[in-house]
Each structure stands twice: as structure tokens, then as C-alpha cells.
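Secondary and tertiary structure notes
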Amino acid sequence: MRERLLAAEKVTGIQWRNGTLHLLDQRLLPVREHWLACTDVTAVVDAIRQMAVRGAPAIGISAAYGLVLALRQRLAEGEDWEHALEEDFLALAEARPTAANLFWSLNRMRERLQRLRADEDVLAVMEAEAVAIHESDREANLTMAQHGLELIRRQQGNAQTILTYGNAGALASGGFGTALGVIRAAYLEGMVERVYAGETRPWLHGSRITAWELAHEGIPATLCADSAMAHLMKTKGITWVVVGADCIAANGDVAGKIGTYQLAVAAMHHGVRFMVVAPSTTIDLNLATGEDIPLEEREADELLDVAGNRVAAEVEVFNPVFDVTPADLVDVIVTERGVVERPDTAKIAQLICRKRLH
């Protein structure tokens, strides 16, 4: 199965070539495919903050490469590069406050820097570590796709109708995708009849990016307004809701794209199974519950404007980017380490303690 998934990889949003980070600018999709060439850490921070690159795993990978770019500049500047590099760690960490993978990636890069031997080339070592972070996410995607596929097979068999929200595909990760990776794998096995994608306001990740990825894969897809999703569950025979995550607390509470919480409530009411797909790096055991997850809020213009044109009255705006879905609304969390059904603190801890991928 893994070979089939590798052969099906058609979309990518992150490339590291000749010491430059290339990012597919997701703000311009699907109208235009434009790659940003990031040659310094400032460009990477801006790309993360301005959402040219988004999705927790993709943010973490980009930050690792951004740190390599920062290190190269600091070494060129001369003395006390280690002290100066702390500014770059901080700038990257502050770019998006909710994505757990961002902090995991920066911590891993810091730990490798601290283990540096005197005879090692610091820039070569850190570049290799960033590449390893990228490759490990790609491998995790493939493993999660297989785990999720088996859950779908076990639950309903063939000809399923799946609902997804936000974007948790190849462009949000380092490879095959998380939630969309599971859907892609199930489609390859002939188990998916149709995918419904919510438009995902205010950035329209579903209509601009998820629909674009599904079209590239040739997967039968239907776009719907966010407000239509409970109606879809009632009338269209939805068998699974499959979504990604930006942060998962120690008790299994899930921070995801704003609107995910109400989707989970509707799924429980209609008896639709709710699957969260995310690498284990999305889990932060330092956050006891979802109440501890910092939830990013963004600018008012994202709600007041569409494509730069004002479409709303001049009023106060509340624009949270994420919400928290309580663990008791989640049927299953799929990671590369394994699957947690009906998640709670003990089950999440047990998952994280596993040493090898399963």
C-alpha cells in the first residue's frame, strides 16, 4: 500500500533547493500557482505570519528551514552567532501561536544545536536536521493514511461519503497530507464515492485549497457553504467527518480550524463518526486541556474584505482562527504512532510513550 501512496503523491507546497526555501503561495490558489523563494529568515517569518504557508506540519517544516537560513546569515556576520540566533528562534516562534508543530520543530532544532560536536560543520548539521524533519513528516503522512484507511474500511466498507473541513492536505504538510491523506488513500482503495468540502471562512481554505487538491487527484468532490454541513449530514448519508488539527492537548481536546467544534457537535447529533488526523508532533502534553491552548485571533479585514474588496459594514469584528473541540466529541485520533479511539488523558499518554511507529 505504501508504494501506491508514494506513486500518488502529486501535490507539494514546500521545496528546499540549493539553500533556498521555496513555498507555494497558498494565498493565490487556485487562481495562480506562484512559488516564493525565501532566502532569509525574515521572508520565512512573513510567509508563516501572512499565511502564504499554513497548516501546522507545514509551518513546523518551514520554520526548521527558516532557522537554517538564519544560521547561515548569523555565521556570515561573525562573532556571537549563537546569541544572535536566539532572536531568530523567537521571531519564528511568534509567527503563529497555536500551531504545536512549530514549537516542536524549533525545539528539535535547538536540541540538535546543543548536541553539536566541535568537529561538526554546524550549518551542514542543522540543514540535515531540517531535511530530516521534513522527511519524517512525509513518512508520518503515509503511515497515518494507512491507519485511517483501515478505520474507514472497518466502519462502513465501500462507496462512502466523507465530509472534510479546512485544509489538511499535502499543502498543509510535508507530503501526502493528514486528513486529506486518509481520504486520498481510501479513494485509491475504491472506498470513497464522494467528498464534501466546507468552504471554510474566512480564508476559504476549503474552496480555494482543499477543492484544488481534490481536483488534482480526480476525486469526486462537492463544495458546500459552511452553514450547509449539518444539513448534509442529515440528507446525504455522510459516513465520516475527517479533519486535521493544529494542536492537541494532553486530554485529547483538539484545536482546529474555526468551525470544527460546531461540526463535531453536528456529527455527534447525526451519528456521524468524527476522525482527527494529525502527527504526534501536534500533541502537546504540557497543555492539560483545550482551555490551555493559545487560540490565535487575526485582523478584522479578513472578515470585512473578500479579495481586497470591502463586503461588510464597518462594525467590530471577532476573528478567531481556531476553536477547541472537546475530546468527548472525537471518535478517533489518528497519528503515525497509532490510533486513539475515544481519546482521554491516559490514552494520549500511552500513545506518546510508544517508541516506534506502528
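Above this text is the structure in question.
Quick notes on the rules
- Residues numbered from 1 in each chain as written.
- Predicted model: local features only at pLDDT ≥ 70, side-chain atom pairs only at ≥ 80, totals over all residues.
- Heavy atoms only, no water.
- Disulfide = S-S within 2.5 Å.
- Phe/Tyr/Trp six-rings, centres within 6.5 Å; stacked < 30°, edge-to-face > 60°.
- Helix = DSSP H or I, 4+ residues; strand = E, 2+ residues; numbered from the N terminus.
- Buried < 20%, exposed > 50% of the residue type's maximum accessible area, 1.4 Å probe, protein only.
- Lys NZ or Arg CZ within 6 Å of the ring centre and 35° of its normal.
- Arc of directions from axis to C-beta.
- Contact = heavy atoms within 4.5 Å.
- Polar contact = N/O pair within 3.5 Å; in protein donor to acceptor, adjacent residues only side chain to side chain.

**Description of the state of the cysteines**
Under the counting rule described, the total for this entry stands at zero disulfides. Of all cysteine sulfurs, the one in Cys 353 lies closest to Cys 247, which takes part in no disulfide; the gap is 18 Å.

**Section: the packing of aromatic side chains**
Evaluated as defined, the whole model comprises one aromatic pair. Ring plane angle 10° and centroid distance 4.7 Å describe the contact between Trp 16 and Tyr 65, whose orientation is recorded as stacked. Placement of Trp 16 in strand β1 (residues 14–17) and of Tyr 65 in helix α3 (residues 56–77) is noted, with a sequence separation of 49 residues between them. As far as the burial class goes, Trp 16 and Tyr 65 line up, both buried. Sitting over the face of the ring of Phe 89, Arg 110 holds its NZ or CZ atom 4.0 Å from the ring centroid. Directly above the aromatic system of Phe 176 lies the positively charged group of Arg 184, at a separation of 4.0 Å from the ring centroid.

**Quick word on helix α2 (residues 41–49)**
Here α2 has its buried residues at Val 41, Val 44, Val 45, Ala 47 and Ile 48. When α2 is viewed along its axis, its buried side chains cluster within an angular range of 160° and face the same direction. Buried residues along α2 sit against β2 (20–24), β3 (35–38), α3 and α4 (81–93). Its side-chain oxygen at 3.2 Å from the backbone nitrogen of Thr 42, Asp 40 defines the N-terminal cap of α2. Where α2 terminates, the next one or two residues include Met 51, which has phi positive at roughly 70°.

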